[in-house]
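Structural overview for review
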Amino acid sequence: MDNHKFAIIICANDDLLLKECRHYIDHLVIPEGYNTELFTVREAASMTRGYNEAMLASDAKYKIYIHQDVFILNRYILEDLLSVFAASPPNRNGWLRKCFS
Amino acid sequence: MDNALKDQDYASLFQLIPYIEEGNGHLAFQYVGKTHRFLRILYIIELEKKYALIPFCDNCSSVHTLWEKYMLTLFAFRRLCFQLSGQSVEEAVSYLQSHPVSHFAAHIMAQGDLIIPDRDFYETLALIYTQTWGVADREQFFAMTKPA
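Residues numbered from 1 in each chain as written. Chains lettered and ligands numbered in written order. Predicted model: local features only at pLDDT ≥ 70, side-chain atom pairs only at ≥ 80, totals over all residues. Heavy atoms only, no water.

**Quick look at helix H4 (residues 33-50) of chain B**
Residues and elements named next belong to chain B. Put simply, the rule is: The numbering of helices and of strands both runs from the N terminus, where a helix is a DSSP run of H or I of at least 4 residues and a strand a run of E of at least 2. Residue count minus one, scaled by 1.5 Å, sets the expected span of a helix. Whether two residues touch is decided by their heavy atoms; if any such pair falls within 4.5 Å, the residues are in contact.
Counted at 1.5 Å a residue, the expected span for H4 with its 18 residues is 26 Å, and the 27 Å between its end C-alpha atoms agrees. Residues of H4 that are buried make contact with helix H2 (10-21), helix H3 (26-31), helix H5 (63-82) and helix H7 (103-112). Positive phi shows up at Ala52, right after H4, with a value of about 55 degrees.

**A look at the packing of aromatic side chains**
We describe a pair of aromatic rings using the distance from one ring centre to the other and the angle between the two ring planes. All names here are of chain B. For the record, the criterion: In this analysis, rings of Phe, Tyr and Trp, with Trp reduced to its six-membered ring, are considered paired at centre separations within 6.5 Å, and the interplanar angle assigns stacked below 30 degrees, edge-to-face beyond 60, and tilted for intermediate values. Burial classes follow relative accessibility: with a 1.4 Å probe on protein chains only, a residue under 20% of its type's maximum area counts as buried, one over 50% as exposed, and anything between as partly exposed. A ring is scored as having a charge over it whenever the NZ atom of a lysine or the CZ atom of an arginine sits within 6 Å of its centre and within 35 degrees of its normal.
What the rule picks out here adds up to 17 aromatic pairs over all chains. Residues Phe38 and Trp67 carry aromatic rings whose centres are separated by 5.3 Å and whose planes lie at 40 degrees to one another, so their mutual orientation is tilted. Separated by 29 residues along the polypeptide, Phe38 in helix H4 and Trp67 in helix H5 bring together distant segments of the chain. Both residues of the pair, Phe38 and Trp67, belong to the buried class. Between Tyr122 and Phe141 the ring centres are 5.5 Å apart and the planes differ by 80 degrees, which places this aromatic pair in the edge-to-face class. A residue pair is termed long-range when its members are at least 10 positions apart, and Tyr122 in helix H8 (residues 119-128) and Phe141 in helix H9 (residues 135-144) qualify at 19 residues. Assessed through its relative accessible area of 4%, Tyr122 is described here as buried. One aromatic cluster is present, built from ring pairs that chain together Phe77, Phe121, Tyr122, Tyr129, Trp133, Phe141 and Phe142. One cation-aromatic arrangement involves Lys49 over Tyr10; the distance from NZ or CZ to the ring centre is 4.0 Å. Here the basic side chain of Lys69 rests over the ring of Phe56, its NZ or CZ set 4.7 Å away from the ring centre.

**Looking at the nonpolar core**
One broad rule of soluble globular proteins: the nonpolar side chains tend to lie buried together. Here is the rule we go by: We call a set of buried Ala, Val, Leu, Ile, Met, Phe, Trp, Tyr and Cys residues a nonpolar core when their side-chain atoms join them within 4.5 Å.
Membership of the largest hydrophobic core comes to 62 residues, with the highest contact counts inside it found for Phe56, Phe77, Leu96 and Leu125 of chain B. Residue contributions to this core peak at nine residues, all from H5 of chain B. Counting residues in hydrophobic clusters, the runner-up holds eight residues, among them Ala7, Cys11, Tyr51 and Ala60 of chain A.

**Digging into a nonpolar patch on the surface**
Residues and elements named next belong to chain A. Put simply, the rule is: Any residue with relative accessible area above 30% and no salt bridge may belong to a patch, with like charges joined within 9 Å and the nonpolar Val, Leu, Ile, Met, Phe, Trp and Tyr side chains within 5 Å. Only the protein chains shown count as covering a residue, and every accessible area follows the Shrake-Rupley method with a 1.4 Å probe. Any Lys or Arg side-chain nitrogen found within 4 Å of a carboxyl oxygen on Asp or Glu counts as a salt bridge.
A contiguous nonpolar surface patch, about 310 Å² in accessible area, is contributed by Met55, Leu56 and Tyr65. Note on placement: Tyr65 falls in strand S3 (residues 60-67). Residue Tyr65 is classed as partly exposed on the basis of its relative accessible area, which comes to 35%.

**With respect to the packing of H5 of chain B against helix H6 (residues 86-98) of chain B**
Residues and elements named next belong to chain B. We apply this condition: Axis geometry follows a simple rule: fit a line to the C-alpha atoms, using only the stretch in contact for helices, then measure angles between N-to-C directions, giving values from 0 to 180 degrees. Orientation is classified from the angle alone, with under 35 degrees giving roughly parallel, over 145 giving roughly antiparallel, 65 to 115 giving roughly perpendicular, and any other angle giving oblique. By convention the crossing between two helices is left-handed if the near helix lies anticlockwise of the far one by an angle smaller than a right angle, and right-handed if it lies clockwise.
Where H5 meets H6, the closest approach of the two axes is 8 Å, and the angle between their N-to-C directions is 140 degrees. For the element pair H5 / H6, the angle class is oblique. For the pair H5 and H6, the sense of crossing is left-handed. On the side of H5, the interface is formed by Lys69, Leu72, Thr73, Ala76, Phe77, Arg79 and Leu80, while H6 contributes Ser88, Val89, Glu91, Ala92, Val93, Tyr95 and Leu96.

**A short note on the interface of chain A and chain B**
Keep this limit in mind: Buried area is a sum: the accessible area each of two parts loses on coming together, probed at 1.4 Å, counted once for each and added. Counted as a polar contact is a pair of N or O atoms within 3.5 Å, where, for protein atoms, one must be capable of donating a hydrogen and the other of accepting one, and residues adjacent in sequence contribute only when both atoms are in side chains.
Between chain A and chain B, the contact holds nine residues from the first and 11 residues from the second. Between chain A and chain B, a total of about 1000 Å² is buried, with carbon and sulfur atoms accounting for 69% of that surface. Taken together, the connections running from chain A to chain B amount to one salt bridge. Linking chain A with chain B are four residue pairs in polar contact (both at pLDDT 80 or more).

**Topic: the side chain of Ser58 of chain A**
All names here are of chain A. When you line up the elements, Ser58 lands in the loop between helix H2 (47-57) and S3. Here Glu37 takes part through its side chain, which lies 2.5 Å from a polar atom of the side chain of Ser58. The residues contacting Ser58, other than those within four sequence positions of it, are Ala7, Glu37, Phe39 and Lys63.

**Looking at unusual backbone geometry**
Residue and element names in this part refer to chain B. Non-glycine residue Gln8 carries a positive phi angle of around 50 degrees. In this fold, Gln8 is placed in the loop between helix H1 (2-6) and H2. When its relative accessible area of 54% is taken as the criterion, Gln8 is described as exposed. Here the phi dihedral of Asn59 falls at roughly 70 degrees; this positive angle occurs in a residue that is not glycine. Take Asn59: it is sitting in the loop between H4 and H5.

**Focus: the confidence of the model for chain A**
Condition: Confidence scores labelled pLDDT are given residue by residue by the predictor and lie between 0 and 100.
For chain A, per-residue confidence averages 86 on the pLDDT scale, and residues scoring 70 or more make up 86% of the total. Element-level mean pLDDT values for chain A span from 50 in helix H4 (residues 92-99) of chain A up to 95 in helix H1 (residues 15-26) of chain A.

Here you go:
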């Protein structure tokens with residue numbers, strides 16, 4: 001597992017939307033020492049199956065699952081996510097509390 | 001819709017409005033998001049024809065090209081709002097100037113797609129379309145976009 005990698009996994013069936021989605025991803029600020037990889041899942045039998053296949057294909061510690069019509073506005077979201085995980089204990093409830101606080 | 005666009009048959013095109021609003025197409029309107037946008041496009045074209053402006057569907061001979069134009073214009077509007085980078089904004093401006101839309105289209109799209117624009121956005125659009133919109137068009141645009 002690569003602890004300094006984000007995998008962004010996009011389920012897509014529309015090139016127009018996918019291109020714009022990637023435009024926003026390309027503008028993300030990548031935290032120092034980290035890298036990202038992008039997976040585009042196409043023609044999956046279902047969205048969940050598509051996401052699962054990509055999940056297994058990546059060794060990234062952090063995996064972000066989005067649909068093609070999601071445009072990430074916060075350019076610092078990767079840093080924000082790292083802050084959330086660092087500040088909260090490694091359990092689901094702590095993470096959820098932080099996300100919604 | 002494909003045939004109406006190909007033949008520039010606006011009468012047939014406008015028949016789709018009551019079809020979607022109240023007829024058999026209403027079910028699609030209730031459950032399919034894309035239908036909302038198509039209805040919006042029809043409203044835009046209807047207004048443009050009424051005011052003798054170049055319709056939004058100009059140079060669109062199919063539903064596919066019309067949809068593409070709407071979405072690319074919307075993406076460009078969003079890039080103006082969110083200003084990810086200088087290049088992102090430049091590409092948006094370039095697209096909008098190459099594919100001009102009416103002030104009706106700009107207003108209806110911004111409102112309907114919940115871009116939640118501020119005054120700067122509207123003024124930027126008016127600046128982009130300085131060569132395309134007439135004085136009366138600009139005045140009407142700012143009147144429509146004036147906060148309540």
